[in-house]
Amino acid sequence: MTQELPPRLEPRAIEPARYRAWQDGGYFHVSASAVLEEGREPFVIVIPPPNVTAALHMGHGLNNTVQDVLIRWRRMQGRATLWVPGTDHAGIATQNVVERQLATEGLHRDDLGREEFVERVWEFVTETGGTILDQLKAIGASCDWERTRFTLDDDLRRAVREVFVSLYEKDLIYRGEYIINWCPRCLTALSNEEAEGEETQGSLWHLRYPLPEDAWGAAADARKAGAESVGQLDDGRWYLTVSTTRPETMLGDTGVAVHPGDGRYEGLVGANVELPLTGRTIPVVADHHVDPEFGSGMVKVTPAHDKNDFEIAGRTGLELLDVMTPDAHMSDAAPEAFRGMERFEAREAVLAALEDEGFVAGTDAHTHSVPRCYRCGTVVEPRLSEQWFVSMKPLAEPALEASRNGEVTFTPAHWKKVYEHWMENIQDWCISRQLWWGHRIPVWYCPCGEQIVSREDPTACPKCGGEALEQDPDVLDTWFSSQLWPFSVFGWPKETDDLKAFYPGHVLSTAPEILFFWVARMIMMGYEFMGETPFRHVYLHATVRDKYGRKMSKSLGNGIDPLHVVEELGADAMRYTIVSQAAVGTDISLDHENVEAAFANGRNFANKIWNAGRFALMGLGQGPVRALADVGDDLRLEDRWILSRVAAAGDEATRSLERFRLHDFAEGLYHFFWGEVCDWYLELVKSRLADDADARSKEAARSTLVTVLDRAFRLLHPVVPFVTAELWSRLPWPEGRSRPADLIVADWPSDHESWGDEAAEGSFRDFQSLVVEVRRLRKEYGVGEGQRVGIHLWGGPDDFGDVIESLGGALDQLARVDRVEAEPSSGVGAHAVLPNGAELFIPLEGVIDVARERARIEEEVGKLEGLLAGVRARLANQQFVENAPEEVVAKARENGAQLEDQLAKLREKLAGLRA
RNA sequence: GGGCGCUUAGCUCAGCUUGGUUAGAGCACCUGCCUUACAAGCAGGGGGUCGGGGGUUCGAGUCCCUCAGCGCCCACCA
């Protein structure tokens, strides 16, 4: 019953039911046999698994809408379309959340112990883990929920174990003591990617290290050679100057380094410098890493707290001295005065002590990048530590080649360069984390010294037979399991049918900031373990920002909750708004302070579609609709025009989607549907549907309307699935055509060749420009809205007369023109030339009160002339021009110019009315 | 320090790959309409020297150089 449709779209009334119907219909699911047995071409996307504890934010909203658009489109094209959903256990993030929960109970994870803590996390995850997936359903995501995976599922554990052991066997995983990024709050190692640099306004302190007396001669020589960093203290002692941004680390210095070729310091190499505050002396060494051009050309070396210094120590044999505890307090290795101090407190204390003894040579303001933990924001401490690493260079090679030779492509294209640059400079990956939540490292240690790396949990040491094996306490970086996602979700390392059918996937859509964390590593793992790329195309979506251009984030509180948008305005409104804004390579700005306004465009469009459908359902009536082919002879110009246009719109939509131009896809259809179907075709077809006297015209209109809406709804469905599916299901169906079970699986329109009709499009364009021009003139000359006029129309294309004749009734409907004469005319009235060269004249004598209109215009002219005279007088006044603020004068000039323009137009009008 | 990108209407952005009608959209604004699909609408309208400068060309928002401002990524310069 079409009367039931309310005049405003109520998304809540249709969306949840629609979604349930799709799920119940099994449309989201596809089995391997569709590919392996039926031979259908697959189309596969694996979802970027959101953190299991996450709540949906606008970034998810955008990314998953993008994926759903592609998925729905391909599904309609008949591909065996699979979108695999799931969540990530998100090691640090999840552990932090549960630790915070514990903290509210006054507990620490140590109070529970490892097992109980992990159990607690599982409880939490089991309770809340499904939330974000349910939220995806609300925005319409058509994932195959039967295949939902979690990165800690048994299958995926097996994959992780296999990959770790396999890489270890290939010597691509090793354990060693190196400087790694350490978060003193999370108490774990981090990868380079997890330590995010933040530009910070800091200081560079210059410190003096006194030289022993036997080096004073060499020091004096160095000074003479131009080494300004060598000098004498008040008491006559010579010293060297070194610089640092982290003075507290000087307590762990074990040397000072210069470049081997730096002649200035030649005599000082080998000298033992006094390290202030510590009572230690440290040697001056030569190492080629030191840049003689930079600063003093002399560097303090802190091997246990700096990556470069560690390497220098490796080459020069300097000692390693760790002066900090894991939680970044000064350790027992530091002088007593500083022990137990927090690092920044120690920084102040060290500086104060050095200052006291005259060892601070100066301070410069210094802006540099300070690494922070990507999870908690704590300043990362470079720390000497034994960890597990992956050798990345060999793995990167095929993944780099894949980008170079186009096996993997990127949208926007410029990410290709970013990806390749990173791949070319790839560094080893620290994968062990001192956490409890995650994939435990599959390595056991026997008291006999044997290290066992095994696919199966060992029960006894293969070397000594001992059973007192200890498993490595650490877990793997979350991204170690995420990188296997494209094949682990299909059951690898087992050779499953799913794997055969659905690997490799096609598109990977995600945020640019995890290109290195995740995308690059998936590609490397794909080549290493599957022998080919996990996906051919990487789509990096826009960043969602607020109206001030700031990234939406929890901490800024400037986020928009997609569920709130769905609730208030509908999923369709949200989807259209963000897709239409997601132009390649740009960001999306949404006003978080006025959500309704931010999504108004999408909401209005969904409502427009709704009303167009309502109109059709009411206007079509109950009778059977004939197939288009059966009414072919009765089609009128506007019918042939709109059929041709819907064909063109379909071609454009397909082209846009093929190129990942989702913005063009959405906007193109918006303009087609609103600007052509609604503004023109529906307006023209109204009277025909209501006119029972001309049955042939009415039937042609009904057939055309049904056909056009069917097509349009199909094209629109990927971006606004709910409103289109709802209306489509109610649309009457032409006789003789079989009807798909649901719009979600209706064929994507592609047979457009036979529908194109350039002649009809050209003729209709001529008609449109005539209507627009008549409307404009009517408005300009104050012709009342209901007032009919006659027009004269001459010149232009040969067939223009025929066009006007066939659309005569339409001209009356759209522009209130009841008489068209083909003869030239002039006199009192309005005249214009159309784009196609035809001349248009509207006699206004007797239509409007010409004398009154003339008087009205004259009055207006008088008024404007007065204003203009005033402006001119001001501008003629030297004092005003010289003394008034510049912008006031400029404004006056601008006003004058505007007034002159307006006057010219009015005078032209007057001339027409006098004729 | 390297690499990349951006600057077009009041705001947010398309358009540049392949130079060529009058540079577009949404929102905002002005005018007139509650015309029975839709006022979340209809009709009409105003608003841009395409960041500055230079060059190539018959022709530049589009290609090249340069300057300025903004942003992103990478990096061990103490």
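Rules behind the numbers
Residues numbered from 1 in each chain as written. Chains lettered and ligands numbered in written order. Predicted model: local features only at pLDDT ≥ 70, side-chain atom pairs only at ≥ 80, totals over all residues. Heavy atoms only, no water. Helix = DSSP H or I, 4+ residues; strand = E, 2+ residues; numbered from the N terminus. Rg over C-alpha atoms; globule rule 2.2 N^0.38 Å. Buried < 20%, exposed > 50% of the residue type's maximum accessible area, 1.4 Å probe, protein only. Contact = heavy atoms within 4.5 Å. Lys, Arg positive; Asp, Glu negative; His and termini not counted. Charge placed at Lys NZ, Arg CZ, Asp CG, Glu CD. Expected span 1.5 Å × (residues − 1). Phe/Tyr/Trp six-rings, centres within 6.5 Å; stacked < 30°, edge-to-face > 60°. Lys NZ or Arg CZ within 6 Å of the ring centre and 35° of its normal. Disulfide = S-S within 2.5 Å. Pairing = 2+ DSSP bridges. Axes fitted to C-alpha atoms, helices over the stretch in contact; angles between N-to-C directions. Parallel < 35°, antiparallel > 145°, perpendicular 65-115°, else oblique. Nonpolar A, V, L, I, M, F, W, Y, C, P; charged D, E, K, R; others polar. Salt bridge = Lys/Arg side-chain N within 4 Å of Asp/Glu carboxyl O. Polar contact = N/O pair within 3.5 Å; in protein donor to acceptor, adjacent residues only side chain to side chain. pLDDT = per-residue confidence, 0-100.

Topic: the overall build of chain A
Assigned secondary structure in chain A consists of 31 helices and 30 strands. Relative to its length of 915 residues, chain A is extended, with a C-alpha radius of gyration of 38 Å against a globular reference of 29 Å. Structurally, chain A occupies a C-alpha span of about 115 × 90 × 55 Å along its principal axes. By residue count, 55% of the 915 residues in chain A fall in the buried class. When contacts within chain A are restricted to residue pairs at least 6 apart in sequence, those whose partners lie at least 24 apart make up 78%. Seen as two clouds, the 96 positive and the 147 negative side-chain charges of chain A have centres 5 Å apart.

What to know about helix H24 (residues 695-716)
Compared with an ideal rise of 1.5 Å per residue, which puts 22 residues at 32 Å, H24 spans 31 Å between its outermost C-alpha atoms and is within 8% of the ideal. Burial of H24 is extensive: 20 of the 22 residues sit out of reach of the surface.

Some thoughts on the packing of aromatic side chains
Using the criterion set out here, one finds 35 aromatic pairs in the structure. Measuring from centroid to centroid gives 6.1 Å for Tyr539 and Phe660, while their planes differ by 35°, and the two rings are tilted. Placement of Tyr539 in strand S24 (residues 537-540) and of Phe660 in the loop between helix H22 (637-658) and helix H23 (662-690) is noted, with a sequence separation of 121 residues between them. The same class applies to Tyr539 as to Phe660, namely buried. A ring pair is formed by Trp728 and Trp733, whose centres lie 5.6 Å apart and whose planes are at 70°; its orientation type is edge-to-face. For Trp728, a relative accessible area of 2% gives the class buried. According to the relative accessible area criterion, Trp733 is buried, its value standing at 14%. An aromatic cluster is present here, built from Tyr576, Phe605, Tyr670, Phe673, Trp674 and Phe713 joined pairwise through their rings. Against the face of Trp728 rests Arg739, its NZ or CZ located 5.0 Å from the ring centre.

Here's the deal with the state of the cysteines
Note on terminology: disulfide describes a covalent bond linking the sulfur atoms of two cysteines. Scanning the model with the defined rule gives zero disulfides in all. The thiol sulfur of Cys446 is not disulfide-bonded, and the nearest other cysteine sulfur, from Cys464, lies at 3.4 Å. The class of Cys446 is buried, set by a relative accessible area of 7%. The thiol sulfur of Cys461 is not disulfide-bonded, and the nearest other cysteine sulfur, from Cys446, lies at 3.7 Å.

Points about unusual backbone geometry
Each neighbour pair has its own omega, and for Thr411 with Pro412 the value is -5°, a cis peptide bond. Located in the positive-phi region is Ala328, a residue other than glycine, with phi close to 65°. Assessed through its relative accessible area of 3%, Ala328 is described here as buried. Here Phe660, not a glycine, exhibits a phi torsion of approximately 60°, which is positive.

Some words on the sheet that holds strand S19 (residues 443-445)
In spatial order, the strands read S20-S19-S21; together these three strands make up an open sheet with antiparallel pairing. With one partner strand each, in any of the chains shown, strand S20 (451-453) and strand S21 (470-471) form the two edges of the open sheet. Bridge analysis of S19 against S20 gives three bridges, and the strand direction is antiparallel. Bridge pairing in S20 links Val443 to Val453. Across the sheet, helix H8 (residues 154-169) lies against S19 and S20, angled at about 125° from S20, the strand it touches most.

So, the packing of H8 against helix H17 (residues 515-530)
Across the interface, H8 lies against H17 with an axial gap of 12 Å and an inter-helix angle of 75°. One way to sum up the angle between H8 and H17 is to call them roughly perpendicular. For the pair H8 and H17, the contacting residues are Val163, Ser166 and Leu167 in the first and Met525, Glu528 and Phe529 in the second. Residues that form the contact of H8 with H17 fall into these classes: four nonpolar, one polar and one charged.

Considerations on the pattern of salt bridges
Scanning all chains against the criterion turns up 58 salt bridges. Between Asp457 and Arg161 there is a salt bridge, with its nearest N and O atoms 2.8 Å apart. With a gap of 296 residues between them, Asp457 in the loop between S20 and S21 and Arg161 in helix H8 connect regions that are remote in the sequence. With its nearest N and O atoms 2.9 Å apart, the salt bridge here joins Asp634 to Arg696. One end of the pair, Asp634, is in the loop between helix H21 (600-620) and H22; the other, Arg696, is in helix H24, with 62 residues separating them in the sequence. Overall, the relative accessible area of 17% leaves Asp634 in the buried class. Within the structure, one salt-bridge network assembled from shared partners comprises Arg246, Asp306, Glu342, Arg343 and Glu381.

Concerning the environment of Glu900
In this structure, Glu900 sits in helix H31 (residues 886-914). Sequence separation between Glu900 and Glu424 is 476 residues, and the spatial gap between their C-alpha atoms is 64 Å. Those residues within four positions of Glu900 in sequence are excluded, and the remaining contacts are Leu868 and Arg872.

Quick look at the side chain of Asp812
With respect to the element layout, Asp812 can be found in helix H28 (residues 808-815). At a separation of 2.8 Å, a polar atom in the side chain of Asp812 contacts the side chain of Arg788.

What about the confidence of the model for chain A?
The share of residues in chain A with pLDDT of 70 or more is 97%, and the mean pLDDT across the chain is 89. This prediction of the complex comes with two scores: 0.91 for pTM and 0.92 for ipTM.

Considering the pairing of strand S9 (residues 238-244)
Among the seven residues in S9, six count as buried, and that is most of the element. Here strand S7 (residues 195-210) runs beside S9; their pairing, made up of six bridges, is antiparallel. For His206, the partnering residue across the bridge sits in S9 and is Ser243. Across three bridges, strand S8 (residues 230-232) lies against S9 in antiparallel orientation. If you follow Val230 over to S9, its bridge partner there is Leu240.

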